[in-house]
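Chain by chain, the residues run as shown.
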Amino acid sequence: MGLLIVACAAFVGTHFLLSHPLRKPLVDRIGERPFLGLYSLVAIVTLAWMAHAYGRAPGTAPLWPVGDGLWALASVLTLLAALLFVGSLRGNPALPDPTGRPKAVPAPRGMFAITRHPMMWGFGLWAIAHILIFPQPAQIVLAATIAVLALVGAALQDRKKRRTQPDFWPRWQSVTSYWPFAAIANGRAQGAAAWPGALTALAGVALWLGATWAHRPLAGWDAGVWRWIAG
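Every value quoted in this text rests on a predicted model; they were computed, and no experiment measured them.

So, the overall build of the protein chain
Stage number 1. Check the secondary structure of the protein chain and you find 12 helices and zero strands.
Stage number 2. For the protein chain, the succession of helices and strands along the chain, N to C, is α-α-α-α-α-α-α-α-α-α-α-α.
Stage number 3. A burial count over the protein chain gives 38% of its 231 residues as buried.
Stage number 4. Long-range pairs, those at least 24 residues apart, make up 75% of the contacts in the protein chain between residues at least 6 apart in sequence.
Stage number 5. Mean positive and mean negative side-chain charge positions of the protein chain (19 and 7 charges, respectively) differ by 3 Å.

Structure representation (structure tokens):
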């Protein structure tokens with residue numbers, strides 16, 4: 001467990017350091033492309049270390065009982081995570097214009113009306129769901145690492161983009177929210193705009209069904225709706 005904690009800390013810590021305080025000085029010193037190579041190498045090495053340490057962590061009894069109520073909650077969270085992830089892949093108005101021209105700030109729609117960081121919240125909700133229904137210490141450490149990387153990383157991204165996109169990001173923040181549904185709750189985004197669209201909804205549900213079905217051949221137990229169908 002100690003090795004796993006150190007490996008997870010190295011994975012998250014190097015990611016944050018290289019993405020934020022060390023990025024500019026290193027790019028200035030060695031150039032953009034060598035920096036990206038260094039960044040990728042460090043990420044691969046620390047990820048492999050984390051996976052190795054997780055594989056060697058001892059199995060233990062669950063820290064709390066997991067019944068149908070927690071399974072139902074985790075299933076809803078992972079479905080929302082799948083919808084957020086798929087919705088983040090199309091129509092992101094926050095992507096910079098390759099021409100460098102200033103961009104108008106559109107009304108947020110789809111998953112971006114729910115949160116301006118739908119992909120990161122997708123990973124975060126996935127991690128939280130797995131902590132709920134697989135409460136073993138090694139799994140909690142691993143899932144918490146993913147949640148911290150995604151959700152703290154999203155908050156740090158806000159700070160960074162306020163500096164790098166000063167003509168767009170502050171205005172985009174004013175009509176969206178970091179926390180899911182917060183912009184809708186306080187009236188900055190319209191609830192009807194949060195509908196993901198038929199294709200995104202179908203793709204998200206398909207991803208959720210496929211990923212939860214894969215738990216049986218890969219992990220040996222049923223997840224999501226398959227838990228009740230198989231049972």
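Details of the packing of aromatic side chains
Stage number 1. Applying the stated criterion to the full structure yields nine aromatic pairs.
Stage number 2. Each ring, one from Phe35 and one from Tyr39, has its centre 6.1 Å from the other, and the planes form 45°; the classification is tilted. Taken together, the residues Phe35 and Tyr39, both in helix 3 (residues 32–56) and four residues apart, mark about one turn of the helix.
Stage number 3. Owing to a relative accessible area of 0%, Phe35 belongs among the buried residues under this scheme.
Stage number 4. Taken together, the ring pairs connect Trp71, Phe134 and Trp221 into an aromatic cluster.

Describing helix 1 (residues 2–19)
Stage number 1. Counted at 1.5 Å a residue, the expected span for helix 1 with its 18 residues is 26 Å, and the 26 Å between its end C-alpha atoms agrees.
Stage number 2. Every buried residue belonging to helix 1 is among Leu4, Ala7, Cys8, Phe11, Val12, Phe16, Leu18 and Ser19, and all of these are buried.

So, helix 3
Owing to its 3.6 residues per turn, the α-helix brings residues three or four apart onto one side.
Stage number 1. In a regular helix each residue adds 1.5 Å, so 25 residues correspond to 36 Å; helix 3 covers 36 Å between its end C-alpha atoms and thus fits that length.
Stage number 2. Restricting attention to buried positions, one finds in helix 3 the residues Phe35, Thr46, Met50 and Ala53.

Calculation criteria
Residues numbered from 1 in each chain as written. Predicted model: local features only at pLDDT ≥ 70, side-chain atom pairs only at ≥ 80, totals over all residues. Heavy atoms only, no water. Helix = DSSP H or I, 4+ residues; strand = E, 2+ residues; numbered from the N terminus. Buried < 20%, exposed > 50% of the residue type's maximum accessible area, 1.4 Å probe, protein only. Contact = heavy atoms within 4.5 Å. Lys, Arg positive; Asp, Glu negative; His and termini not counted. Charge placed at Lys NZ, Arg CZ, Asp CG, Glu CD. Phe/Tyr/Trp six-rings, centres within 6.5 Å; stacked < 30°, edge-to-face > 60°. Expected span 1.5 Å × (residues − 1).

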